[in-house]
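Inside the fold
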Amino acid sequence: MKKLKKIENLSDQAFDLLRDAILNGVLEPGKLYSATEIGEWIGASRTPVREAAQQLAAIGLVRVERNRGIRILPTSLQELIESFQIRLMLEVPLIRKAALSRTDEDLKKIIAAYDNFAAAAQKDDAKETLKADKDYHSALLEAAHIDRALMIIENTRNSVLLTGPSTIPHSRTCMEALADHEEIHQAILNQDADAAERAMKRHIINTANMLITQEAKKRDDWLDPDLLSQFSWIHK
């Protein structure tokens, strides 16, 4: 694991390092770690580790257990469904706003992010494609210029990542993931707010269906839900 740089805020660094370790599976869901153990890994004292743990607990990635340590929280089926519900409630209207109010500078960033996404997908690099996918969504939503909503969405996407494997390459190829964004991209280029809204809703529900179906096959406690009924009340 990476070590902390002493010239920077140690708690913030610890938060970033631990969050990345959780999302990348270095720290295992369900496992309890002591603050001392984690501190030794990243080269920090117990204080910044504890402060970072409180921040991670606030966004639902860990639970701090008094006098015991820090437990990495696995994602339940209901939590995963709720994560996608939150994305629908926020990303659909945000993409509409982005389509209507994007600036020329916003558009340059969106196109550059899409080109990076396409380059990663064409190389069939799953890890790079996943990062480019996330960066593309960030570029789209930044064009709506509502920073607090972006923070909520990022934390929600983190919850989805905690399920373990993504849909790439288990349920779709890198190029199929790129293709699932094409309608969104064209709508943004054309400043077609209605089309952007429809395409984002379709994309999120499609990803939810794919990921939940994929993960349900591996988890005894995950029943196969009627997913459409879970999302039908949002943005009819």
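Just so it is clear, the structure is predicted and the values come from calculations on it, not from any experiment.

1. Describing the packing of helix α2 (residues 35-42) against helix α3 (residues 46-58)
The geometry of α2 relative to α3 is characterised by a closest axis approach of 9 Å and an angle of 105° between their N-to-C directions. By the angle between their axes, α2 is roughly perpendicular relative to α3. On α3, the residues touching Ala35, Thr36, Ile38, Gly39 and Ile42 of α2 are Arg46, Val49 and Arg50.

2. Focus on α3
In a regular helix each residue adds 1.5 Å, so 13 residues correspond to 18 Å; α3 covers 18 Å between its end C-alpha atoms and thus fits that length. Three or more residues of α3 are buried, namely Pro48, Val49, Ala52, Ala53 and Leu56. Down the axis of α3, the sector holding all buried residues measures 140°, keeping them to one side. Residues of α3 that are buried make contact with α1 (10-23), α2, β2 (62-65) and β3 (69-72). Trailing α3 by a residue or two, Gly60 shows a phi angle of about 80°, which is positive.

3. Section: the pairing of β3
Examined bridge by bridge, strand β1 (residues 32-33) and β3 share two bridges and lie antiparallel to one another. The residue of β3 that forms the bridge with Leu32 is Arg71. The pairing of β2 with β3 spans four bridges and is antiparallel. When the sheet's bridge partners are listed, Arg63 is paired in β3 with Arg71. Connecting the antiparallel pair β2 and β3 is a turn made up of three residues, with Asn67 showing a positive phi of about 65°.

4. Section: the sheet that holds β1
Spatial strand order, β1-β3-β2: three strands in an open sheet with antiparallel pairing. Here the strands that pair on one side only, and so sit at the sheet edges, are β1 and β2. Sheet strands touched by α3: β2 and β3. Its angle to β2, the strand with the most contacts, is close to 130°.

5. A look at the packing of aromatic side chains
Following the criterion strictly, the structure yields three aromatic pairs and no others. Judged by centre distance (5.4 Å) and plane angle (65°), the ring pair of Tyr33 and Trp41 falls under edge-to-face. Accessibility expressed as a relative area gives 2% for Tyr33, which makes it buried. Taking relative accessible area as the criterion, Trp41 reaches 31% and is therefore assigned partly exposed. Seen from their ring centres, Phe117 and Tyr136 are 6.1 Å apart, and the 45° between their planes marks the pair as tilted. On the criterion of sequence distance, the pair formed by Phe117 in helix α5 (residues 104-122) and Tyr136 in helix α6 (residues 126-142) is long-range, its members being 19 residues apart.

6. Quick word on the side chain of Gln85
Position of Gln85 relative to the elements: it lies in helix α4 (residues 77-101). Classification of Gln85 as buried rests on a relative accessible area of 10%. When sequence neighbours within four positions are dropped, the list of residues in contact with Gln85 reads Gln230, Phe231, Trp233 and Ile234.

Calculation criteria
- Residues numbered from 1 in each chain as written.
- Predicted model: local features only at pLDDT ≥ 70, side-chain atom pairs only at ≥ 80, totals over all residues.
- Heavy atoms only, no water.
- Axes fitted to C-alpha atoms, helices over the stretch in contact; angles between N-to-C directions.
- Helix = DSSP H or I, 4+ residues; strand = E, 2+ residues; numbered from the N terminus.
- Parallel < 35°, antiparallel > 145°, perpendicular 65-115°, else oblique.
- Contact = heavy atoms within 4.5 Å.
- Expected span 1.5 Å × (residues − 1).
- Buried < 20%, exposed > 50% of the residue type's maximum accessible area, 1.4 Å probe, protein only.
- Arc of directions from axis to C-beta.
- Pairing = 2+ DSSP bridges.
- Phe/Tyr/Trp six-rings, centres within 6.5 Å; stacked < 30°, edge-to-face > 60°.

Functional significance is not addressed by these values, which are geometric in nature.
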